[in-house]
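Architecture at a glance
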Amino acid sequence: MARPSQTVSDFFQSIASQKRERLGQLEPNWQERYETPTHAHDVILYLGCNVLRTPQVAHDVTRVFEKLGLNFTSVGGAQFCCGVPWARAGDTDKQERVAETTVERFASFGASTLVLWCPSCRVHFSESDLTQTIESRDIDVIDAAEFLAGLADDGRIAWRQASTAPQRVMLHAHAGRETSEPERTRASNDQRNVERILAAMPGIEIVGTAVVASELGYHCGFAEVNEPVYESQIRQLDEQARQAGAEAIVTISHACQRSITERSLVTVDVRNYAALLRDAIAA
């Protein structure tokens, strides 16, 4: 059996390989290598690690924060790991050391708010004491969808005027496994907050929300646990979207965006909500 460190090493190598393959003409607008900050930031956008398998999503959400004019830094990758890969590999000592290093790096940015993009990071934060540890450093922790929905509700997003008829979209959402309260909380909050964002966005009409079976967890990264059920659920999603006249299926998680598009199971366009938000915000 491979040692936990070897397993985690393979995990990060896989992410790096997929990022290189999919970057295309994109220039990363986020930070993966830690450097001592030269000035303070108000907000840290914490991308996590797995989103780098879908660099377009990482680029889109960072671009959203840029267009909002926030004083922020966007970070992700192995040097900012929350420790969950080591926790899943059973190496709790390494997990704690990695998490402590990341918390110190967060604190060095002088920010008052940490915005979490990755659902797995958020669930890990909830299942451990990481949220309390970070908040003890006077840094508020909030999910990306909740943060952005709050800005929309407060009228702090300058929208681009829609020049065409509204695009009809169906939201793809998860319920979380019944055995995990953090998963169910994260999934429910994300669904509600992304619905708020889409409802505020000019040129978007929500025709429905399709929630997949709870056994598929809180994002489509759980697909491999039960591939037949997953494929059946996504084909049903495609059928629901077409019957409702949706022009696009909107994903919440980068894992859903990757899993659905890679399997070619749907006939409707699939877009992450960060891409829609990027396009809807005035330059």
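How each quantity is defined
Residues numbered from 1 in each chain as written. Predicted model: local features only at pLDDT ≥ 70, side-chain atom pairs only at ≥ 80, totals over all residues. Heavy atoms only, no water. pLDDT = per-residue confidence, 0-100. Helix = DSSP H or I, 4+ residues; strand = E, 2+ residues; numbered from the N terminus. Phe/Tyr/Trp six-rings, centres within 6.5 Å; stacked < 30°, edge-to-face > 60°. Buried < 20%, exposed > 50% of the residue type's maximum accessible area, 1.4 Å probe, protein only. Pairing = 2+ DSSP bridges. Axes fitted to C-alpha atoms, helices over the stretch in contact; angles between N-to-C directions. Contact = heavy atoms within 4.5 Å. Parallel < 35°, antiparallel > 145°, perpendicular 65-115°, else oblique.

**Focus on the confidence of the model for the chain**
Summarising the model, the chain shows a mean pLDDT of 92, and 97% of its residues fall at 70 or more. Ranking the helices and strands of the chain by mean pLDDT puts strand S2 (residues 72–76) first, with 98, and helix H5 (residues 119–127) last, with 80.

**Here's the deal with the packing of aromatic side chains**
Evaluated as defined, the whole model comprises nine aromatic pairs. Note on Phe65 and Phe72: the rings are 5.5 Å apart at their centroids and 55° apart in plane angle, and the pair reads as tilted. The class for Phe65 is buried, based on a relative accessible area of 0%. Considering the side-chain rings of Phe65 and Phe147, the 5.6 Å spacing of their centres and the 15° angle between planes classify their relative orientation as stacked.

**Considering the sheet that holds strand S3 (residues 113–116)**
The strands that make up a sheet pair up through hydrogen bonds in the backbone, lying either parallel or antiparallel. The strand order across the open sheet built from four strands is S2-S1-S3-S4, with neighbouring strands paired in parallel fashion. This sheet does not close on itself; its edge strands, each paired only once, are S2 and strand S4 (140–143). Neighbouring strand axes in the sheet, compared pairwise and without regard to direction, differ in orientation by 25° on average. Here S3 runs beside S4; their pairing, made up of four bridges, is parallel. Considered in S4, the bridge of Leu114 is made with Val141. Set on the sheet, helix H2 (residues 55–67) makes contact with strand S1 (43–48), S2 and S3; between it and S1 the angle comes to about 170°. Most of the contacts of helix H7 (residues 144–153) go to S4, to which it runs at about 90°, and overall it touches S1, S3 and S4.

**Here we look at the packing of helix H9 (residues 227–243) against helix H10 (residues 254–263)**
The contact between H9 and H10 brings their axes to 11 Å, and the two run at 85°. Looking at the two axes, H9 sits roughly perpendicular to H10. Contacts between H9 and H10 involve Glu227, Tyr230, Ile234 and Leu237 from the first element and Ser259, Ile260 and Arg263 from the second.

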